[in-house]
2 protein chains.
Amino acid sequence: MKIVIDMMGGDNGLRATIPSTKTFIEKHNDLELFLIGDINKLTEFKKYKNVTLVQSETVVKMDADPLSALRETNSSLMVGIKTFLDNKCDAFISAGSTGALLSAATFKIKRIEGVIRPGLITPFPTLIKNKKFVVCDLGANTTCTKEELNQFATMGSIYYKTLFHDVNEPRVYQLNIGTESEKGTTVNKEAYILLKENKNINFKGNIEARDPLYGNVDVLITDGYSGNIFLKTMEGTAKAMSKMIKDAFKKNIFTKLGYLLVRKGIVEMKEKMDYKNVGGAMLMGVNGVVIKAHGSSDPKGFLSALESGYKLTSVHIIDKFKENLNR
Amino acid sequence: MKIVIDMMGGDNGLRATIPSTKTFIEKHNDLELFLIGDINKLTEFKKYKNVTLVQSETVVKMDADPLSALRETNSSLMVGIKTFLDNKCDAFISAGSTGALLSAATFKIKRIEGVIRPGLITPFPTLIKNKKFVVCDLGANTTCTKEELNQFATMGSIYYKTLFHDVNEPRVYQLNIGTESEKGTTVNKEAYILLKENKNINFKGNIEARDPLYGNVDVLITDGYSGNIFLKTMEGTAKAMSKMIKDAFKKNIFTKLGYLLVRKGIVEMKEKMDYKNVGGAMLMGVNGVVIKAHGSSDPKGFLSALESGYKLTSVHIIDKFKENLNR
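Residues numbered from 1 in each chain as written. Chains lettered and ligands numbered in written order. Predicted model: local features only at pLDDT ≥ 70, side-chain atom pairs only at ≥ 80, totals over all residues. Heavy atoms only, no water.

- Labelled according to an unreviewed UniProt entry, chain A appears under the name Phosphate acyltransferase, originating from Candidatus Onthovivens merdipullorum.
- Regarding chain A, the relevant UniProt record gives this comment under Subcellular location (unreviewed entry): "Cytoplasm". (UniProt positions renumbered as here; feature names shortened; annotations may be inferred.)

Okay, structure coming up:
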């Protein structure tokens with residue numbers, strides 16, 4: 001399995017990518033890795049026979065505009081994309097600028113035949129143990145047409161079936177501000193009609209943002225703007241509540257004792273709701289497993305993104321899209 | 001203080017409104033109330049001298065379209081609005097259909113002079129004790145123009161200053177999918193320019209959905225679609241996490257003991273994050289204190305909406321809008 005890793009991207013750069021990449025290498029024995037970055041700072045990887053270090057000069061800024069990012073050919077992002085293509089790799093993982101990664105991947109790695117526009121997709125936890133739901137688009141496309149939303153539903157269902165085997169016909173819902181068919185924007189209303197007619201999916205209707213965590217949804221589709229609001233509100237609320245719980249336990253000796261008694265359950269909950277474990281989002285629709293890790297990834301978060309890339313490659317997700325998309 | 005209460009609206013109808021209205025009456029001694037509904041079911045209120053019962057025949061369906069709701073003149077909603085106008089009342093509170101309430105209030109009670117479009121606003125909790133932030137629009141307008149967003153900022157700042165006295169120049173942010181000025185939709189980008197030039201507000205820029213809970217925002221403005229996604233994602237995540245905490249404490253005798261030790265802090269947190277305590281949203285911009293209680297309000301939630309109506313009337317919020325809006 002050939003994987004390219006952008007070692008320089010993200011808010012934490014090498015502090016996040018070096019320790020996680022080491023753990024990743026030592027966990028799997030079927031990897032061939034290409035690490036992109038300042039190779040003078042990556043010398044500790046020289047001891048691994050299955051690692052190739054590739055020099056890059058610059059790092060695309062987190063708020064770079066996509067077009068100038070494409071022209072920055074010595075950046076870890078663009079050198080990474082080139083390495084990916086030259087070596088016919090399976091996966092590319094980066095915590096760098098979302099906009100730049102999306103443009104570079106779409107423009108250079110290209111879309112799978114028949115795909116209108118790629119979208120970011122990732123699994124989320126639910127109240128039910130081991131049950132996940134997936135959301136697309138999480139922010140690749142600020143606005144979407146009804147055809148794009150409809151295709152996210154088809155691709156999202158393939159993604160869901162490939163990754164999880166608990167449901168044959170994943171239940172697809174459209175994120176909306178009400179459940180009735182005529183709710184939401186003009187695009188929502190028109191997409192609803194297309195979704196209902198789409199024979200490749202099991203469309204169940206509109207759903208409000210408060211409900212998917214309860215486990216009744218498999219695939220949630222939305223434009224990238226609302227998807228991003230959904231993702232980040234969940235992240236912020238979960239983080240804030242974890243902080244409140246922590247404070248409640250810290251108050252005095254009795255509450256500290258209380259914490260010792262419920263520690264396991266609380267840690268499990270925090271782990272479940274921690275966005276760092278979400279593992280980065282896949283850019284679904286391009287011709288390779290391209291993973292966007294969270295910009296503020298720490299080692300744990302970046303490792304989780306690396307593991308997503310590994311998992312999606314091992315289940316042959318790209319082949320599944322090609323087989324099923326244009327049936 | 002003259003307040004009209006729609007006793008029939010909402011998923012729980014009289015089950016929610018009767019007990020909360022009783023508590024409300026007994027708490028305040030400056031009320032003159034008009035209770036709208038099936039008066040045969042409201043006989044227990046006959047003993048109060050400051051209560052007038054007004055008969056209505058139908059209840060507007062929660063998913064009614066606004067125009068047919070306007071024509072349903074015997075509904076508790078429309079009888080309520082008429083009672084409000086005939087008696088020159090201060091506040092009107094309903095847990096009924098959002099769309100119907102908005103149309104009826106805008107059409108019959110009318111907008112304050114200069115207001116382009118009313119928007120739903122309500123305070124939210126933050127990690128900082130007693131510190132709230134307000135969000136507008138929460139779902140009255142699926143899409144908004146840049147001028148409407150800019151006016152929400154002006155009105156939201158007046159609302160914030162009137163309700164909370166901790167900040168003289170409330171910090172206004174635009175909800176967006178990134179912090180840079182050129183992020184988001186075309187309307188976001190154009191609104192950013194207007195907001196920056198608006199001399200009546202203290203505009204601080206764009207903010208992502210994960211951040212407002214931390215207490216650095218006073219007024220968050222957004223179109224009703226994204227605002228509704230934000231509200232409901234927060235509600236759903238908080239509810240799901242409270243459920244997880246409950247489950248963690250229920251596991252065995254030791255975790256139950258642990259709960260006894262931290263009970264106070266956990267209850268405080270759940271109270272803080274419970275949407276039922278949010279108290280209903282004000283339809284900001286119409287010529288009266290119109291409060292939309294949560295459709296699924298229980299007695300506690302509806303009481304909280306009644307208290308919002310009381311509070312906003314006692315701080316003379318409508319006069320403040322009139323004084324400050326067209327300066």
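Structure's up, so let's keep going.
**Here's the deal with the pattern of salt bridges**
Here is step 1 of the chain: Using the criterion set out here, one finds 33 salt bridges over all chains in the structure.
Here is step 2 of the chain: As a salt-bridge pair, B:Lys146 and B:Glu147 come within 3.6 Å of each other at their nearest N and O atoms.
Here is step 3 of the chain: According to the relative accessible area criterion, B:Lys146 is partly exposed, its value standing at 26%.
Here is step 4 of the chain: Beyond isolated ion pairs, a larger network of salt bridges with shared partners links A:Lys232, A:Glu235, B:Glu208 and B:Arg210. (Salt bridge = Lys/Arg side-chain N within 4 Å of Asp/Glu carboxyl O. Buried < 20%, exposed > 50% of the residue type's maximum accessible area, 1.4 Å probe, protein only.)

**Points about the sheet that holds strand 3 (residues 51-55) of chain A**
Residues and elements named next belong to chain A.
Here is step 1 of the chain: Reading across the sheet, the eleven strands line up as 3-2-1-4-11-10-5-6-9-7-8 and stay open at both edges, with mixed pairing between neighbours. Every interior strand has two partners, whereas the edge strands, strand 3 and strand 8 (202-207), have only one. Sheet twist, expressed as the mean angle between neighbouring strand axes with direction ignored, is 25°.
Here is step 2 of the chain: As judged from the three bridges shared by strand 7 (residues 171-175) and strand 9 (residues 219-221), these two strands associate in the parallel manner. Bridge assignment links Val172 to a residue of strand 9, and that residue is Val219. (Pairing = 2+ DSSP bridges. Helix = DSSP H or I, 4+ residues; strand = E, 2+ residues; numbered from the N terminus. Axes fitted to C-alpha atoms, helices over the stretch in contact; angles between N-to-C directions.)

**Quick look at helix 4 (residues 98-109) of chain B**
Residue and element names in this part refer to chain B.
Here is step 1 of the chain: Compared with the 16 Å implied by 1.5 Å per residue over twelve residues, the 15 Å span of helix 4 between its first and last C-alpha is a close match.
Here is step 2 of the chain: Turning to helix 4, its buried residues are Ala100, Leu101, Leu102, Ser103, Ala104, Ala105 and Ile109.
Here is step 3 of the chain: Among the structural elements, helix 2 (66-71), helix 3 (76-86), strand 4 (91-94), strand 5 (119-125), strand 10 (281-284) and strand 11 (289-292) are those in contact with the buried residues of helix 4.
Here is step 4 of the chain: Lys110 lies just past helix 4 and shows a positive phi near 75°. (Expected span 1.5 Å × (residues − 1). Contact = heavy atoms within 4.5 Å.)

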